Amino acid sequence: MTNAAAPATDVPDRSGYPLHVAIIMDGNGRWAAARGLPRAEGHRRGVEALRRVVRAAHELGIVYLTIFSFSSENWSRPATEIGDLFGLLRRFIRNDLAELHGNNVRVRVIGERDDLDPEIRRLLEEAEELTGANDGLVLVVAFNYGARDEIARAARRIAQDVARGILKPEDVTEELIGARLDAADLADPDLIIRTSGEQRRSNVLLWQAAYAELVFTPLYWPDFDRAALEQAIDEYRRRERRFGGLVARTRS
Ligand code: FPP
């Protein structure tokens, strides 16, 4: 028999939890350099950290988890490193997709796809198609993503619609612009975490993160784990979000 008056000590308090957490996974190269290892090994260990964190996010009841895996600015890296990162993405999708699907994870991809290698594009589409009906954690993979590029693409589509007479200039509102961004149906991020001690946004979700809380951790990404995620969430829960008003609110 259960005692209704007894405190439910085994049930974690999830009040004030972020719905959408976005992570800038930084420091793979420095993690490797500190150990005298090649940068590729840092990225490989970064994928292991990613697996841990996706599992933790799922267990913690986070609804959207966005990860920045390759930015539009990363093309300036040496070709060998770009090849390593693309290889890791291919392997991540080939090796982990079945498990993600089995865990009811829905994969969404944001970023410019048109100039990607057709094989990579097909893998990303397959991941979205296979998991499209899942209703668990939404894993948003930002690949070939840059927020300014995302906003420019949305503006171009809106301009085309205005030129064709489908839209009038006065139809261009904040809501319309938001609706033309990649994965417009997702909630705005509540919390952005950046690892490795860098304290920058670096062209991520510039529109959607207008009111996101930023948490920075000195940990290099390969060392990030569930405890670090919980610590960042605890810090987020201590913040008072006012969205430009005077009264603390939980969501806009
Ligand atoms: C930053 O480390 C990390 C990246 C550029 C990419 C993140 C990629 C992964 C975690 C692995 C790939 C995963 C997928 C799913 C593709 P950095 O190289 O900028 O590190 P540094 O600043 O110390 O040099």
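Quick note: structure is the one above.
Right, let's walk through the structure included here. Residue numbers run consecutively from 1 along every chain, following the written order of its sequence. Where totals are concerned, whole chains, interfaces and linings use all residues; where local detail is concerned, this predicted model gives features only for residues with pLDDT of at least 70, and gives and counts side-chain atom pairs only at 80 or more. Only hydrogens and water are removed before side-chain values are computed, so all heavy atoms of the structure are retained for them.

So, helix H2 (residues 39-60)
The condition that has to hold: Numbering of helices and strands runs from the N terminus; a helix is a DSSP stretch of H or I covering at least four residues, while a strand is a stretch of E covering at least two. Here the expected span of a helix is defined as 1.5 Å times the quantity of residues minus one. The buried label goes to any residue with under 20% of its type's maximum accessible area, the exposed label to any with over 50%, and the partly exposed label to all in between, with areas taken from a 1.4 Å probe on protein chains only. A contact between two residues is defined here by any heavy atoms of the two lying within 4.5 Å.
With 22 residues, H2 should reach 32 Å at 1.5 Å per residue; the first-to-last C-alpha distance of 31 Å fits that figure. Among the residues of H2, those classed as buried are Gly 42, His 43, Gly 46, Val 47, Ala 49, Leu 50, Val 53, Val 54, Ala 56, Ala 57 and Leu 60. Where H2 is buried, its residues touch strand S1 (20-24), helix H1 (28-33), strand S2 (64-71), helix H3 (79-102), strand S4 (138-145) and helix H7 (226-238). A positive backbone phi angle near 80 degrees is found at Gly 61, which sits one or two residues after H2.

Regarding the pairing of S1
Rule in force here: The rule for pairing is simple: two strands pair if DSSP sees at least two bridges between them.
By the criterion of burial, S1 is predominantly enclosed, with five of the five residues buried. Judged by which residues are buried, S1 turns out to be covered on both faces: His 20, Ala 22 and Ile 24 on one side and Val 21 and Ile 23 on the other are all buried. Relative to S2, S1 is paired through four bridges, and the arrangement is parallel. Looking at the pairing, Ile 23 lines up with Ile 67 of S2. Sheet topology places S1 next to strand S5 (residues 191-194); four bridges connect them, and they run parallel.

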